[in-house]
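# Examination of the molecular architecture
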2 protein chains.
Amino acid sequence: MLLRRSVIALVLALGVMCDTVDNKVEDCDLSDALKKEIASYAPVVQKIINTAVNGTFKGITYNELALFVDKFGNRISGSQNLENAIDYMINKSVAYGLDNVHGEEVKVPHWVRGSESATLVEPRNKSMYILGLGNSVGTPPEGILAEVLVVKSFNDLKEKAASAKGKIIVYNQDFVSYGTTVPYRSKGATEAAKVGGVASLIRSITPFSLNTPHTGMQTYGENVTQIPTACITIEDAHLLQRLQDEGYTIKILLQMGAQILPDVTSRNTVVELTGTEQPEKVVIVSGHLDSWDVGEGAMDDGGGVFISWGALALLKSLGLKAKRTIRGIFWTAEEFGYVGAYGYAKDHANETDNFLFVMESDIGTFNPVGLEYAAGAAGGCIINEIMQLLAPINATQTRQSPSVGSDIEIWTSDGIPGASLDTQNDKYFWYHHTPADTLEAENPSALDKNSALWASVAYVIADLSVDFPRDSTKLKN
Amino acid sequence: MLLRRSVIALVLALGVMCDTVDNKVEDCDLSDALKKEIASYAPVVQKIINTAVNGTFKGITYNELALFVDKFGNRISGSQNLENAIDYMINKSVAYGLDNVHGEEVKVPHWVRGSESATLVEPRNKSMYILGLGNSVGTPPEGILAEVLVVKSFNDLKEKAASAKGKIIVYNQDFVSYGTTVPYRSKGATEAAKVGGVASLIRSITPFSLNTPHTGMQTYGENVTQIPTACITIEDAHLLQRLQDEGYTIKILLQMGAQILPDVTSRNTVVELTGTEQPEKVVIVSGHLDSWDVGEGAMDDGGGVFISWGALALLKSLGLKAKRTIRGIFWTAEEFGYVGAYGYAKDHANETDNFLFVMESDIGTFNPVGLEYAAGAAGGCIINEIMQLLAPINATQTRQSPSVGSDIEIWTSDGIPGASLDTQNDKYFWYHHTPADTLEAENPSALDKNSALWASVAYVIADLSVDFPRDSTKLKN
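Scoring rules and cut-offs
Residue positions are given per chain, counted from 1 along the sequence in the order it is written. To read the labels, note that chains go from A and ligands from 1, taken in the order they are written. Restriction of local features to residues with pLDDT of at least 70 applies here, the model being predicted, together with a cutoff of 80 or more for giving and counting side-chain atom pairs; totals for whole chains, interfaces and linings are based on all residues. In this description a helix means any DSSP run of H or I spanning at least four residues, a strand means any run of E spanning at least two, and both kinds are numbered starting from the N terminus. Only the C-alpha atoms count toward the radius of gyration. The rule for a globule is 2.2 Å times the residue count to the power 0.38. To sort residues by burial, count the other C-beta atoms lying within 10 Å of each one's C-beta; a count of 20 or more means buried, 12 or fewer means exposed, and anything in between means partly exposed. C-beta atoms are built from the backbone. Once C-beta atoms are placed from the backbone, any two residues with those atoms within 7 Å are in contact. Domain boundaries shown here were taken from an automatic or database domain assignment. Residues are grouped as follows: Ala, Val, Leu, Ile, Met, Phe, Trp, Tyr, Cys and Pro are nonpolar; Asp, Glu, Lys and Arg are charged; all remaining types, including Gly, are polar. Axis lines are fitted to C-alpha atoms, over the contacting stretch for helices. Their N-to-C directions set the angle, which ranges from 0 to 180 degrees. Every angle not falling under 35 degrees, over 145, or within 65 to 115 is termed oblique; those three ranges are roughly parallel, roughly antiparallel and roughly perpendicular. Handedness of a helix crossing follows the sense of rotation of the near helix relative to the far helix, less than a right angle counterclockwise being left-handed and clockwise being right-handed. Superposition of the copies used a least-squares fit over C-alpha atoms from residues whose pLDDT is at least 70 in both. Should DSSP find at least two bridges between two strands, the strands are regarded as paired. Under the definition applied here, buried Ala, Val, Leu, Ile, Met, Phe, Trp, Tyr and Cys residues are grouped into a nonpolar core through C-beta atoms within 7 Å. Each residue carries a pLDDT score, the predictor's own confidence in it, on a scale running from 0 to 100. Here a crossover is taken to be right-handed if, once the strands point away from the viewer, the path from the first strand over the helix to the second is traced clockwise. By this rule the span expected of a helix is its residue count minus one, scaled by 1.5 Å.

### Focus: the overall build of chain A
- Helix and strand counts for chain A stand at 15 helices and 16 strands.
- Computed over its C-alpha atoms, the radius of gyration of chain A comes to 24 Å, within 12% of the 23 Å expected for a compact globule of 477 residues.
- Dimensions of chain A, computed from the C-alpha atoms along their principal axes, are close to 75 × 50 × 40 Å.
- Counting the 477 residues in chain A, one finds 57% classified as buried.
- Here the analysis covers contacts within chain A between residues at least 6 apart in sequence; of these, 83% occur between residues at least 24 apart.

See below:
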C-alpha cells in the first residue's frame, strides 16, 4: 500500500497523462521541471561516457572480462569453478572499493555432462557433433542404439506417433525465432517419450551454424519416462531429414554420461554503491555469473556481468554516488531456470517495495542501441528522456515490452519497472550456448559504451529527486 | 609447332591487335565475323540457361550432389570411400548417356588421421578443438606434453628461437588472405622444428570461426625433424596468446594418431561429350572428387565436380554436341598436392596441344558472377564476348590472372588458356577444410546457374569455327 500511494502521488506530480501503455515520447506529458532535471544530468553523463570511451576507464571492462574468462573459462551451476569465480568477483570488487560486497547463498542444481557422443551407424558411419541438454539423464554405458524417426514439428510427431515407439526421435524444426523455436529443446524429450521414443535429438536453436551444436536447458514433464536428450547441428538435422526422405533406414548410437547430482550451495554476488540520501531504495544492474559448460561464457553472460560490475567501478572511479543505492547483482544458476534470482526474490521479498528499477544484460553486449524496458506510461516517459542523454554514443533507442529480462523478469513481469540492454545483437544466437561463446564475441569499444550506458541510466534513476514510478496498471492490491 | 602455327594463324585471322596482356573489352579488336558468330550463340545459351534455371534440368545439380554426399560423406585420398564414390560417378555418368566414361589410374597418398586431441593442462584444464594436418606424423601414444611458446609470425619465431627448444610452437598469425597466410599451415611444422619445437599448432586459416578448426596440407622440409602438427581455432590461438601475455606458463598435451600409409591406386574420372567434327580437340571442365576427411566435401569440391558433371549432363539432355570434345574430369587427390592432375598431365603429355581450354571450379559454387581467366589478349577478348551471353543470369564479369585454378594451374601456368569459376564466395574460407563443409554451403539455384554457365562457356568454345587461341606471349618454343 505504501508503494501504491507513493506511485500515484508521483504520477500526479509528474503530470503524466498517457492513455496507453504503448507510450511514445510525443505522448509524454512530463512536467517541465522533471524534464529539466533529467536534462541537467547531461554533463555528468558526458563525463561518464568520456571516461569509459576515451578516458581512464577505457578498455577496463574488456580487460577485466578477459582476465576473468582466461582464468576460469566456463562456469556451470554446481561446479567448484563457479564458486571460485564468485570468490574472484568478490575480491575484485573489494579491491575496487565497492560497498557492501558479499555473496548470498542459494541452493543450485548440479548437472554434469560426462562424456557423450552420437554416431550415425546406418546408412553409413559418421561421427556427429552433439551437446547433451541440461537436466538430461544419461544413457546406459553401452549407449542406446536405435532406429531414427525424423520429424519437422510436434504436429508431425503426433501424425507419426504410431511409428515412433523404440526410436530416437530427431526434431528438424525450422528456426523461426528463439522464443518460438526453443520449446523443441525444452520439451522435445517429454513429447518424444510420450509416443515411446527412447531418446531425442534436437536441431540446435540457431539461425546459423558451422556444424555448431548448442546446449541449453530442458525439463521433463511429469509422469513421462525420462529419456536422454541432446542437440545436434543444423547440418546433421538436415542430413538425417534427407536420408529419411531418400528412403534409408537410419540408426544412431547415442552415448551420454550425463548425471544429475545433489544440489549444492552457490551464491548470488552482490556489490553496491550505497546511496547518500535514501540508501534503502535500490536501482539494480545485473547479469548472471554462471554459464554453460562449453565455450567460456564470455557473451552469455560474462559481458552482462562485467558491464554491471563495470558500471559500478566506473561510477566509483569518478566519485559519483547517487542519492539512492545502486546495487550490482551477479546471479548464479541462471541457466538452470533463474535459480539464483528466484532465491534472491524470496530472501528479499520484504525489500521489493524499495526496488525502484531493475536492469539486466543477458542478450549480448554488442554495440549498444538503447534499452528495452518494462514500465508504465510515466516510467516510459522518464526512460525516453534519460536515453536522450546517451546521444553521444548513439544509444538512445527505447522499446517497450510487457516484461523484460531473464532473471529480472521475476520482477518486471510483476510491475516492478526495469530494462534490458539493447544492442546490435543479430548474431547473438550464433554463439549462444556453444563452444564459440568466447571472448571473440566481445569487443572492447562496445563494452566501454555498454558500461557507460549502464552506469548513466542507473546513476540518473538512482539520483533523481523523485522515485522512479511504478506501473499503475500493474500494481498489486 | 603445329600448335604454334595454328595459333599465329588464328591471331591474324581474328585481327587481334591488343597491346597488353591486361586487355579490356574496349581494347579488343575481334573481327566482326567472330563477334557475330559468338553473338549467334545467344539463343542456344538462353536455351541452356532456361533448361537449367527453370526447365527440365532445374534442381538436378543440387539433387545429384545431395544424393552423392548423403551416400558417401567425405572422400579423402587413399580411402576406399573415395574409390566407391568414383565408381558411383562412373555409373551415374554412364546412366546419363555420357561418352567415353572411364577412370584413369594414378597412385595417391594415403594419410590417415587417427584419433587426436589437444588438452590445455596449464594454467587450467580445457579441451581444445583441433584438426591434424595432412601429411603430419602422429605423436607417441601417450602424447606430447610440453610447454607452449606462442608466436605471431615466422619473424617472431626467429626472435624467440632461443626459447623455442622443447616447446610446442603455437602460431597466432593474423589472417590476411588465404594465399598470404597459408604458409603458416604448410610450413609451420618445418620452421618450428628448425628451432627445436616438438610440435606445432597453427591458428586455422580463416577470417571467421565459431570455434572451428580447419585442416589442410602441410609438407616437411628436407633434413628437419618431422614433428606433429595440427590447426587450432582462432579462439584458442587468441586465448593462448592472452595467457602468454598475462604471464601464465602454458602446457598442452597433444595426442595424434596420424599415420602415413603406403600409396594406393586411385583414379581420375573422365566423362565426355565427343566432338562431332574435331573430336581430338578438347575443352575441359573439371573439379576434384576427393575431399578432406571432415565435413562432407560438398563445397570443396563436390560443387565443382557436380557443375562439371552437370554441364555435360545438361548439354546431353538438350542433344547439344559441339564440334570439338567437351571433357569432364573429376580429379583425384587434389588435396594432397594436385596428385591426380599431375598424373593426368604426365599421361596425356602428348595430347596437350589439343587442350584448347581448361576449366576448373574449386573456389566455391555460390551465386556465379563470371570467370577468372588466364589467356592471351586474343583469348581474353573472346572470353569477354562469350561472357556477354551470360547476361540472363548476371554472370558476365571477367578478370584476368597470370594463371588460374588449382589442378589446372599445371596447364594455365604454362600458357594453356583456362578459366576458374568466379562466384560470390566471400564466405568460402568460413567452410573450407572444416566439419562445416556440408551441403548447407550449397544452394540449388546457384548450382543451376553454375551448371548453365559452365555448359555455355564450354559449348561455345568447343563449337566455334576457330580454335581458341593460345597466349602468344607464353608459347613454348
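Resuming the write-up.
### Some words on the domain arrangement of chain A
Residue and element names in this part refer to chain A.
- Taken as a whole, chain A is organised into domain 1 (2–110 + 263–474) and domain 2 (114–257).
- Each of domain 1 and domain 2 has a C-alpha centre, and the two are 36 Å apart.
- Listed per partner, the contact involves 11 residues of domain 1 and 12 residues of domain 2.
- Residues of the side of domain 1 that touches domain 2, tallied by class, amount to six nonpolar, four polar and one charged.

### Focus: the packing of helix 10 (residues 298–317) of chain B against helix 15 (residues 444–463) of chain B
Residues and elements named next belong to chain B.
- The geometry of helix 10 relative to helix 15 is characterised by a closest axis approach of 8 Å and an angle of 60° between their N-to-C directions. Here helix 10 lies oblique to helix 15, going by the angle between them. In terms of crossing hand, the pair formed by helix 10 and helix 15 is right-handed. Two secondary-structure elements touch here, helix 10 through Gly303, Phe306, Ile307, Ser308, Gly310, Ala311, Leu314 and Leu315 and helix 15 through Leu447, Asn450, Ser451, Trp454, Ala455, Ala458 and Tyr459.
- Split by residue class, the contact of helix 10 with helix 15 holds 10 nonpolar, five polar and no charged.

### Some remarks on the relation of the copies chain A and chain B
- When chain A is fitted to chain B, the residual RMSD is 0.0 Å, and the transformation amounts to a turn of 180° plus an axial shift of 0.0 Å. Considering both components of the superposition, the chain copies are consistent with a two-fold axis. Among all residues of chain A, the one whose C-alpha sits closest to the rotation axis is Leu210 of chain A, at a distance of 3.2 Å.
- Interface overlap between copies: 96% of the residues of chain A at the interface are likewise at the interface in chain B, consistent with a symmetric, same-surface contact.

### Structural notes on the interface of chain A and chain B
- Counting from both sides, the interface comprises 24 residues of chain A and, opposite them, 23 residues of chain B.
- Broken down by secondary-structure element, the contributors of at least two residues to the side of chain A that touches chain B are helix 4 (60–72) and helix 9 (234–245) of chain A.
- Here the side of chain A that touches chain B gets six residues from one element, more than from any other, and that element is helix 9 of chain A.

### Considering the sheet that holds strand 10 (residues 259–273) of chain B
All names here are of chain B.
- What the eight strands build is an open sheet, ordered 1-10-12-11-13-16-14-15; its pairing is mixed. A single partner strand is all that each edge strand has here, and the edge strands are strand 1 (99–112) and strand 15 (397–400). Sheet twist, expressed as the mean angle between neighbouring strand axes with direction ignored, is 25°.
- The strands touched by helix 10 are strand 10, strand 11 (278–288), strand 12 (324–331) and strand 13 (355–360); relative to strand 11, the strand with the most contacts, the crossing angle is about 145°.
- The sheet strands contacting helix 11 (residues 339–347) are strand 1, strand 10 and strand 12, and the helix crosses strand 1 at an angle near 130°.

### Structural notes on unusual backbone geometry
- A cis amide bond links Glu122 of chain B with the next residue in sequence, Pro123 of chain B, at an omega value of 5°.
- Within the secondary structure, Pro123 of chain B is located in the loop between strand 2 (116–122) and strand 3 (126–128).
- Backbone torsion omega between Asp300 of chain B and Asp301 of chain B reads 5°, so that peptide bond is classified as cis.
- Phi is positive for Asn135 of chain A, which is not a glycine, with a value near 85°.
- Within the secondary structure, Asn135 of chain A sits in the loop between strand 4 (130–132) and strand 5 (144–151).

### Remarks on the nonpolar core
- Counting residues in each nonpolar core, the largest one holds 285 residues, and the members touching the most others are Ala458 of chain A together with Ala458 of chain B.
- Those residues in contact with Ala458 of chain A, other than ones at most four positions away along the chain, are Val283, Val285, Ala311, Ile326 and Met359 of chain A.

### Notes on the packing of helix 4 of chain A against helix 10 (residues 298–317) of chain A
Residues and elements named next belong to chain A.
- The contact between helix 4 and helix 10 brings their axes to 9 Å, and the two run at 130°. The orientation of helix 4 relative to helix 10 falls into the category oblique. You can see that helix 4 and helix 10 cross each other, and the crossing is right-handed. Residue-level inspection shows Ile60, Thr61, Glu64, Leu65, Phe68 and Val69 of helix 4 in contact with helix 10, the latter providing Ala298, Gly302, Gly303, Phe306, Ile307 and Gly310.

### Considering the sheet that holds strand 13 (residues 355–360) of chain A
Residue and element names in this part refer to chain A.
- With mixed pairing, eight strands are arranged side by side in an open sheet as 1-10-12-11-13-16-14-15. Two strands lie at the open edges of the sheet, namely strand 1 (99–112) and strand 15 (397–400), each paired on one side alone. Direction aside, neighbouring strands of the sheet carry axes that sit 25° apart on average.
- Examined bridge by bridge, strand 13 and strand 16 (residues 418–423) share three bridges and lie parallel to one another. Bridge pairing in strand 16 places Glu360 opposite Ser420.
- Where helix 11 (residues 339–347) meets the sheet, it contacts strand 1, strand 10 (259–273) and strand 12 (324–331), and its direction lies at approximately 130° from that of strand 1.

### Topic: the confidence of the model for chain A
All names here are of chain A.
- Residues at a pLDDT of 70 or more form 94% of chain A, whose mean pLDDT is 94.
- Within chain A, helix 1 (residues 2–14) has the poorest average pLDDT of any element, 33, and strand 6 (residues 168–171) the best, 99.
- Between residues 1–23, whose pLDDT stays under 50, and residues either more than four places distant or in other chains, the model counts 44 contacts.
- Interface confidence for the predicted complex, given as ipTM, is 0.93, next to a pTM of 0.93.

### Some thoughts on the environment of Ile461 of chain A
Residue and element names in this part refer to chain A.
- Looking at the secondary structure, you find Ile461 in helix 15 (residues 444–463).
- Sequence separation between Ile461 and Pro402 is 59 residues, and the spatial gap between their C-alpha atoms is 20 Å.
- If we ignore the near neighbours within four places in the chain, the residues touching Ile461 are Val283, Leu356, Phe357 and Phe468.

### Side note on the pairing of strand 14 (residues 368–374) of chain A
Residue and element names in this part refer to chain A.
- Taking burial as the measure, the seven residues of strand 14 include six buried ones, the bulk of the element.
- Pairing geometry for strand 14 and strand 16, over six bridges, is antiparallel. Of the residues in strand 16, the one forming a bridge with Tyr373 is Ala419.
- Examined bridge by bridge, strand 14 and strand 15 share four bridges and lie parallel to one another. The residue bridging Tyr373 from the neighbouring strand is Gln400, located in strand 15.
- As a crossover connection, the stretch from strand 14 through helix 12 (residues 377–388) into strand 15 is right-handed.

### Focus: helix 9 (residues 234–245) of chain B
- Helix length check: helix 9 of chain B, at 12 residues, gives a terminal C-alpha distance of 16 Å against a target of 16 Å (1.5 Å per residue), a fit within 8%.
- Buried residues of helix 9 of chain B: Ile234, Glu235, Asp236, Ala237, Leu239, Leu240 and Leu243 of chain B, and no others.
- Where the residues of helix 9 of chain B are buried, they touch helix 4 of chain A together with strand 3, strand 5 (144–151), strand 6 (168–171), strand 7 (199–203) and strand 8 (229–232) of chain B.
- Note on helix 9 of chain B: the residue one or two positions beyond its end, Gly247 of chain B, has a positive phi of about 95°.

### Brief notes about the environment of Asp27 of chain A
Residues and elements named next belong to chain A.
- Looking at where Asp27 falls in the secondary structure, it is placed in the loop between helix 1 and helix 2 (32–39).
- Given 16 C-beta atoms within 10 Å, Asp27 falls into the partly exposed group.
- For the pair formed by Asp27 and Gly328, sequence separation is 301 residues and the distance between their alpha carbons is 33 Å.

### Describing the environment of Ile130 of chain B
Residue and element names in this part refer to chain B.
- Structurally, Ile130 can be placed in strand 4 (residues 130–132).
- With 25 C-beta atoms packed within 10 Å, Ile130 lands in the buried category.
- A sequence separation of 97 residues divides Ile130 from Ala33, and the C-alpha atoms of the two residues are 58 Å apart.

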